[in-house]
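Summary of the model geometry
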Amino acid sequence: MTELPKTLDEAIAQARDATKAAIAAGYSRLQVELLFPELKPMLVAEQFVPLFADLGSQLKVFFADAGAAALAKRDWGKAWGEVPFEVRGVKERLSAIQPEDRAFILVAPTPSEVDQVEKMAEQAGDRPFIVLNPQLQDVAIVGIGYAGRQLRQRFLSTFEICYSLRPLENGAVLRAYPSAWQVWLQKSAEEYQPIVEVAQRPSSEELEGIFAQASRSSPDQQDASKNKQGLLTGLQRFLRALSQ
């Protein structure tokens, strides 16, 4: 059982450990998600990327556009003194993947980069290829008919979600490889309790059923609907804690 993190630093540390464990188990295409609307991808990437810093120039970090890449390189250079790996936009050059490269991190790629990202993943082969807070799933959701469904089946399903943290109004969903998906129930503004583990990411409908069952079986939760503001306040505190 993985503990629910209380700070952003703890969450990113969990994500790094889960990524290392998944790579050691033989996975190469990995997805890391910290699903907070308020959270800037650059902040997460700055703490996550050093996991592979020992690779030096054999690590490549990609952003959705060249502007974001330039900003990251500037800020990281100020913080670290030197950026030993390559930082660039996804579409800056066609020859993004080289034989000598050993690992790749893509920070918050968007639907407009999906074709390029798919080509890069194919070229990467069995080398670690990590997407950090991707928005590619939107293509499968809003894609027109058959093409959108095919994208989900052909490409997105090839990634192992090694870390995922998503706060909800009445709890949170956490997955840290090799653990299963965990659903946590908010008991109070400060307390979260694990209530179930499942093998696959629970759907919205499944989460509704899980929380409904937890409310029926726990007297403390029977009046939760009457304390809506308390739940929302707890969530806001949780988000603020993760951003500190």
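As a reminder, the structure under discussion sits directly above these lines.
First things first, this report covers the structure right here in the doc. (Residues numbered from 1 in each chain as written. Predicted model: local features only at pLDDT ≥ 70, side-chain atom pairs only at ≥ 80, totals over all residues. Heavy atoms only, no water.)

**A short note on the overall build of the protein chain**
When helices and strands are counted, the protein chain shows 8 helices and 9 strands. Every one of the 244 residues in the protein chain was classed for burial, and the buried ones make up 48%. Counting every atom, the protein chain has about 12300 Å² of accessible surface; 50% of that belongs to carbon and sulfur. (Helix = DSSP H or I, 4+ residues; strand = E, 2+ residues; numbered from the N terminus. Buried < 20%, exposed > 50% of the residue type's maximum accessible area, 1.4 Å probe, protein only. Areas by Shrake-Rupley, 256 points an atom, 1.4 Å probe, with all protein chains shown as cover.)

**Here's the deal with the pattern of salt bridges**
The final tally for this structure, using the stated rule, is 7 salt bridges. Where lysine 20 meets aspartate 17, a salt bridge forms, and the shortest distance between an N and an O atom there is 3.7 Å. In this pair, lysine 20 and aspartate 17 are both assigned in helix 1 (residues 8-24), 3 residues apart and thus about one turn of the helix distant. On the basis of relative accessibility, which here comes to 46%, the residue lysine 20 falls in the partly exposed class. Across the pair aspartate 101 and lysine 60 runs a salt bridge whose closest N-O atoms are separated by 3.1 Å. Taken together, the positions of aspartate 101 in the loop between strand 3 (86-89) and strand 4 (103-107) and lysine 60 in strand 2 (residues 59-63) put the pair 41 residues apart, joining distant regions of the chain. Given the relative accessible area of 3%, aspartate 101 is considered buried. (Salt bridge = Lys/Arg side-chain N within 4 Å of Asp/Glu carboxyl O.)

**Points about the packing of helix 2 (residues 41-48) against helix 3 (residues 66-80)**
A pair of packed helices can be characterised by two numbers: the angle between their axes and the separation between those axes. Packing of helix 2 against helix 3 leaves a shortest axis separation of 11 Å and a crossing angle of 50°. Of the possible angle classes, the one that applies to helix 2 and helix 3 is oblique. For the pair helix 2 and helix 3, the sense of crossing is right-handed. Between helix 2 and helix 3, the residues in contact are Met42, Ala45 and Glu46 and Ala68, Leu71, Ala72, Trp76, Ala79 and Trp80, respectively. (Axes fitted to C-alpha atoms, helices over the stretch in contact; angles between N-to-C directions. Parallel < 35°, antiparallel > 145°, perpendicular 65-115°, else oblique. Left-handed = near helix turned anticlockwise from the far one by under 90°. Contact = heavy atoms within 4.5 Å.)

**Looking at the packing of aromatic side chains**
Taken as a whole and assessed by the stated rule, the structure comprises 8 aromatic pairs. Here the aromatic residues Phe63, Trp76, Trp80 and Phe85 are joined through ring pairs into a cluster of three or more. (Phe/Tyr/Trp six-rings, centres within 6.5 Å; stacked < 30°, edge-to-face > 60°.)

**Focus on the nonpolar core**
Core analysis: the largest hydrophobic core is formed by 44 residues, its most contacted members being Leu34, Phe48, Val61, Trp76 and Tyr163. Per-element tally for this core: the top contributor is helix 1, with 6 residues. In this structure, Val90, Ala124, Phe155 and Phe159 belong to the second largest nonpolar core, which totals 16 residues. (Core = buried A, V, L, I, M, F, W, Y, C linked by side-chain atoms within 4.5 Å.)

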